[in-house]
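Fold and geometry: a report
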Amino acid sequence: MTENFFEKPILNSPYAEPTRHHDLDEDGQPTNKPYRTGRRRSELITPVPKPRKTRRQTRQAGLNLSSSDGLSSLEQEYNPTPIINEIRNQVATWRQLPKSLWGVTPATARLLEHWRHHDFQGIRPFFCQVEAVETIIWLTEVARERRSHPNAKNKNAERRIWDHIEGANEQANPELLRLAMKMATGAGKTTVMAMLIAWQTVNAVRSPNSERYSRGFLVIAPGITIKDRLRVLLPNDTESYYRERELVPSDMLPDINKAKIVITNYHAFQLKEILDTNKVGRSLLQGRHEPIRTKETEGQMVRRVADDLMGLKNVVVINDEAHHCYREKPDNPDLEDLSGDEKKEAEKENEAARVWINGIEAFKRKLGVRAVYDLSATPFFLSGSGYAEGTLFPWTISDFSLMDAIECGIVKLPRVPVADNIPEADVPIFRNLWENIRDKMPKKGRSKGGDDVDP
């Protein structure tokens, strides 16, 4: 680690596009070199330890993607950063255009001007928050329209970008259109959610016949704590971000009040038992007939979870901590390489991810889903998913990393304990503590399978 980095990690303003960055080595660690001018490119730096078994990577290579999928190679699917950088450059160029050339609706143009130039009395949106929403807007209102327009400039680039996005989703989420925004923890994902809801709602209210927008939202969190934190997305909440943080002009607040927003945990998608009886009772009720239905239907689940959205069509789904939502790769080879607690944890994660994405697909079948917006600091495939561990979701379209957030003064510099910062180690020892101490632990009380049991 360079001493200069720790002395002065902040190089940029949080409210403007970064113009300087620290030099990093191939492992993502700061070097002793002076800072560089310009913005850091999005780079694929794996945030997890290297796999112990290289054969896992070999077996994962069989994705059989062709150029018709919109993904030219395995490397491009697992490393979408070339597309992320291209989108970033396109959005930066578009941002500098005069308002008359933005190619967006009047409502969208008003919101963009507000987020960029309003004199906020309280908390002002960070550049990274505005950029994440700008990227979604550019892809939806500008690039998608221009890619098929015969006289549009750069239509080949816009077509290539959308071919990549659609190909990535066809490979991993065939029933959905997912767009992932990678934002460092502490960079304010909740504000981005509120801005996306505002953009969609105002346009849906003012252009009710448009197929691009919706005023119905299903916001999904992985736990109760996060769900409670997201209540500020509700227009009638006492701390509503739209009003308290001035995220929309005051004359647009009545439009925001017409939004229908349901905030839930993915656990709610689990089909519940509707027949309260034991095994013997079920057997008596069934008799010689077909097995009786004891769980609610998809339609009943959808109504139970989001009754307020009934009557709306094509809702927008927003996933918080979206790295927990994925479709496990068919014929998953990864689990064979895992054992003990690692395998149990992977199976648990896969089951949770299955419940989450199955629930969204149920909403797609019953109500329609216009788009799925993923937000996560780590939109990476998890161990045991069937995809290479620690690689970006290929539908990721923007990236504001932890190092970017540190250099912009948005988050504090994390510290690694000195005793654990061993130069010869690939990763901090305490990160995988059990793996480093289990062989030294007494064998008494340890089962043959490696799991601890009471003596």
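Let me sum up the structure you'll find in this document. One numbering rule holds for all chains: residues counted from 1, following each sequence as written. In keeping with the model being predicted, local features are shown solely for residues with a pLDDT of at least 70 and side-chain atom pairs are shown and tallied solely at 80 or more, while totals for entire chains, interfaces and linings include all residues. Where side-chain values are given, they derive from all heavy atoms of the structure, hydrogens and water being excluded.

The way it works is that DSSP assigns letters per residue, a run of H or I at least four long becomes a helix, a run of E at least two long becomes a strand, and they are numbered from the N terminus. Regarding its fold elements, the protein presents 16 helices and eight strands. Going through the 455 residues of the protein one by one, you find that 49% of them count as buried. Residue contacts are counted whenever heavy atoms from the two residues lie within 4.5 Å of one another. Sequence-distant contacts in the protein: of pairs separated by 6 or more residues, those separated by 24 or more amount to 72%. Only the protein chains shown count as covering a residue, and every accessible area follows the Shrake-Rupley method with a 1.4 Å probe. Summing over all exposed atoms, the protein offers an accessible surface of approximately 23600 Å²; the carbon and sulfur share of this is 49%. Classification of residues uses two cut-offs on accessible area relative to the type maximum, computed with a 1.4 Å probe and protein chains only: under 20% is buried, over 50% is exposed, and between them is partly exposed.

A pocket, in this scheme, is an open set of points on a 1 Å grid over the protein atoms alone with protein on both sides within 12 Å along at least 5 of 7 lines, while a cavity is a set where a 1.4 Å probe fits but cannot get out; residues line either one if an atom lies within 4 Å of a point. Grid points are joined across faces, edges and corners, and a volume is the space filled by probe spheres set on the points. Summed over all chains, the structure comprises two cavities of 30 Å³ or more. One number sums up the size of the largest cavity: a volume of about 50 Å³. Contributing to the lining of the largest cavity are Ile-84, Ile-87, Arg-88, Val-91, Glu-131, Thr-135, Ile-397, Ser-398 and Asp-399. When residues of the lining of the largest cavity are traced back to their parent elements, those giving at least two are helix H4 (81–95), helix H6 (127–146) and strand S8 (396–400). The dominant element in the lining of the largest cavity, judged by the number of residues it contributes, is H4, at four residues. Of the residues that constitute the lining of the largest cavity, the class distribution is four nonpolar, two polar and three charged. Approximately 40 Å³ is the volume attributed to the second largest cavity. Looking at the second largest cavity, the residues that line it are Cys-128, Glu-131, Ala-132, Lys-182, Met-183, Ser-398, Asp-399 and Phe-400. Charged residues are taken to be Asp, Glu, Lys and Arg, nonpolar residues to be Ala, Val, Leu, Ile, Met, Phe, Trp, Tyr, Cys and Pro, and polar residues to be all remaining types, Gly included.

Looking now at the pairing of strand S4 (residues 216–221). Within S4, six of the six residues are buried, leaving the element largely enclosed by the surrounding structure. The side-chain alternation of S4 yields two buried faces, one formed by Gly-216, Leu-218 and Ile-220 and the other by Phe-217, Val-219 and Ala-221. For S4 and strand S5 (residues 260–265), the ladder comprises six bridges, and the chain directions are parallel. Along S5, the bridge assignment pairs Ile-220 with Thr-264. Two strands qualify as a pair provided that DSSP identifies no fewer than 2 bridges between them. Judged from the four bridges that link them, S4 and strand S6 (residues 315–320) form a sheet pairing that is parallel. Note on S6: the bridge partner recorded for Leu-218 is Val-317.

Structural remark: α-helix, 3.6 residues per turn; residues separated by three or four positions point the same way. To estimate how far a helix should reach, multiply one less than its number of residues by 1.5 Å. For helix H8 (residues 189–206), spanning 18 residues, the distance from its first C-alpha to its last is 26 Å, which sits close to the expected 26 Å at 1.5 Å a residue. Of all the 18 residues making up H8, 17 are buried; the element is thus mostly covered by neighbouring parts of the structure.

Before going further, it helps to spend a moment on the packing of H6 against H8. Two quantities define a packed helix pair, namely the angle between the helix axes and the distance between the axes. Orientation is described by axes fitted as lines to C-alpha atoms, over the contacting stretch for helices, and by angles from 0 to 180 degrees between their N-to-C directions. The contact between H6 and H8 brings their axes to 9 Å, and the two run at 35°. Crossing angle aside, the handedness with which H6 passes H8 is right-handed. On H8, the residues touching Gln-129, Val-130, Ala-132, Val-133, Ile-136, Ile-137, Thr-140 and Glu-141 of H6 are Thr-191, Val-192, Met-195, Leu-196, Trp-199 and Asn-203. Tallied by class, the residues present in the contact of H6 with H8 amount to nine nonpolar, four polar and one charged. The hand of a helix crossing depends on one turn: near helix anticlockwise from the far one by less than a right angle means left-handed, and clockwise means right-handed.

A separate point is the packing of aromatic side chains. Aromatic rings from Phe, Tyr and Trp, with only the six-membered ring used for Trp, were paired whenever their centres fell within 6.5 Å, and each pair was classed as stacked if the ring planes differed by under 30 degrees, edge-to-face if by over 60, and tilted otherwise. In total, this model carries eight aromatic pairs according to the counting rule given. Considering the side-chain rings of Phe-381 and Tyr-387, the 4.3 Å spacing of their centres and the 20° angle between planes classify their relative orientation as stacked. Grouping residues by exposure puts Phe-381 and Tyr-387 together as buried. Taken together, the aromatic side chains of Phe-381, Tyr-387, Phe-393 and Trp-395 make up a single cluster linked through ring pairs. The aromatic ring of Tyr-35 is capped on one face by Arg-20, whose charged end is 4.8 Å from the ring centroid. In this scheme, the term charge over a ring applies when either NZ of a lysine or CZ of an arginine sits within 6 Å of the ring centre and within 35 degrees of the ring normal. A cation sits over an aromatic face here: Arg-245 above Tyr-241, 4.1 Å from the ring centre.

So, about unusual backbone geometry. For Glu-246, which is not glycine, the phi dihedral falls at a positive 55°. Along the chain, the position of Glu-246 falls in the loop between helix H10 (241–244) and helix H11 (253–256). At Asn-314, a position not held by glycine, the phi torsion is positive, near 55°. One can find Asn-314 in the loop between helix H13 (298–305) and S6. Exposure remark for Asn-314: the relative accessible area of 29% places this residue in the partly exposed category.

Strand S7 (residues 369–376) sits mainly inside the fold: seven of its eight residues count as buried. When strand S3 (residues 178–183) meets S7, the two strands line up parallel, connected through five bridges. Bridging across to S7, Leu-179 finds its partner in Tyr-373. Crossover handedness for the path S6 to helix H14 (residues 340–366) to S7: right-handed. Call a crossover right-handed when, viewed with both strands pointing away from you, the route from the first strand across the helix to the second goes clockwise.

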